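Notes for the structure review
Here is what each chain is made of, one letter per residue.
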Amino acid sequence: MRFNTLVMPFMLRVSRLGTFLRGNTGSDLSATGQQQSNPGRVGEVFIVGAGPGDAELLTLKAYRLLQEADVVLFDWLVDQSVLDCIPRHIAREFVGKRCGKHSVPQDKICERLVELGLEGKRVVRLKGGDPAIFARTCEETDALHQAGIPFAIVPGITAASGASAYTGIPLTDRRYAQSVRFMTAQFQDPAKEADWQAIAASSERETTVVYMGLKRLALLSERLVDAGVDPNLPVAVIENACCNQQQVIVGTVSDIFQRVLDAAIEGPALTVIGHVVAARQPITVDLLHHSYEQTAI
């Protein structure tokens, strides 16, 4: 998915305007991205939310920063349509972490951010979704602060909000849910597991959204049932939310694991638990997925 020729000129004008307002008299965007390293000047780091997939869900600020960066460090959750928005002359570095696949340890990511900052680079650390939700942002900002490198955080649309809109499953509905709980499926350390009893107690009137839980779906269902959650409580697993290849598997707490297994879902995926799944709105998803012309930046 790529921006068409009507959207791109507008975005570029916004980017140039931002450059002008900061006092840069040159309007050539490539000049910003081609700055040479300046060891005598500390750089700056922008931790930017890339949103849940669709590049058109980027904020204007996020898009502008991608045009003005010296280097972009990106996660595996960042969709290709977003990477296509980065000008070709700007350096890119993959620093993704994924279970069972090639990963860059978190401490190495922190070290790289500090290294680039001390070289005087303008760095965009591009994270899937929103940096404030399960993105390990604090570890990176702590390292930058300790090194004396200025940084800022730019929000993005989190996966739960994006998946809700692109599937028609509301996160709240006055008939079913008055609150939403975001959690990860953490089972390695019993001390860090979710409060299953609290989840069970509120399950009839609350939506629970589980990030990064696909590989632990069977254990998640087991924990919920053991805590007293109704085995027939609706569940939806959304794979590749907000992308053209999005898939939605709907079931219950008791059978969702088998349904996902039968559908050969590989992820990334988000799990939505609660009666709101039954309140799914019949949106026309094709209205959100147009074919875009490839435009060289």
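Bear in mind the structure is a predicted one, so any value in this text is a computation, not a measurement. (Residues numbered from 1 in each chain as written. Predicted model: local features only at pLDDT ≥ 70, side-chain atom pairs only at ≥ 80, totals over all residues. Heavy atoms only, no water.)

Some words on the nonpolar core
Considering soluble globular proteins, one finds that nonpolar side chains tend to be buried as a cluster. Basically, it comes down to this: As used here, the term nonpolar core means buried Ala, Val, Leu, Ile, Met, Phe, Trp, Tyr and Cys residues forming a set that is joined through side-chain atoms within 4.5 Å. Here the term buried applies to any residue with accessible area under 20% of the maximum for its type, exposed to any over 50%, and partly exposed to those in between, with areas from a 1.4 Å probe on protein chains only. To qualify as a helix, a DSSP run of H or I must reach at least 4 residues; to qualify as a strand, a run of E must reach at least 2; elements of each kind are numbered from the N terminus. Should any heavy atoms of two residues lie within 4.5 Å, those residues are counted as being in contact.
With 23 residues, the main nonpolar core has Trp196, Leu220, Leu224, Val260 and Ile273 as its most contacted residues. Among the elements of the structure, α8 (196-202), α9 (217-227), β8 (234-239), α10 (256-262) and β10 (269-273) are those that each provide at least two residues to this core. With 4 residues, the top contributor of residues to this core is α9. Sequence-distant contacts of Val260, that is, excluding residues within four places in its chain, are made with Leu214, Leu217, Val237, Ile249 and Ile265. Formed by 21 residues, the second largest nonpolar core is a distinct cluster that contains Ala55, Ala69, Val72 and Val82.

Some remarks on the state of the cysteines
Quick reminder of the rule: We call a pair of cysteine sulfur atoms a disulfide whenever their separation is within 2.5 Å.
If you walk through the whole model with that rule in mind, you get 0 disulfides. The closest cysteine sulfur to the non-disulfide-bonded Cys243 is located on Cys242, 6.9 Å from its own sulfur.

Observations concerning the pattern of salt bridges
Selection criterion: Salt bridge criterion: a side-chain nitrogen from Lys or Arg within 4 Å of a carboxyl oxygen from Asp or Glu.
Counted under the stated rule, the structure contains 14 salt bridges. Between Arg175 and Asp173 there is a salt bridge; the shortest N-O distance is 2.9 Å. With a shortest N-O distance of 2.9 Å, Glu193 and Arg223 are connected by a salt bridge. With Glu193 in the loop between β6 (179-184) and α8 and Arg223 in helix α9, the pair connects residues that are 30 residues apart, well separated along the chain.

Examining the packing of aromatic side chains
Operational definition: Each Phe, Tyr or Trp ring, with Trp reduced to its six-membered ring, pairs with another whose centre is within 6.5 Å; inter-plane angles below 30 degrees give stacked pairs, above 60 give edge-to-face pairs, and intermediate values give tilted ones.
Scanning the entire structure with this criterion turns up 4 aromatic pairs. Taken together, a centroid distance of 5.8 Å and an interplanar angle of 5 degrees make the contact between Phe187 and Trp196 stacked. An aromatic cluster is built from Phe134, Phe182 and Tyr211, whose rings are joined through pairwise contacts.

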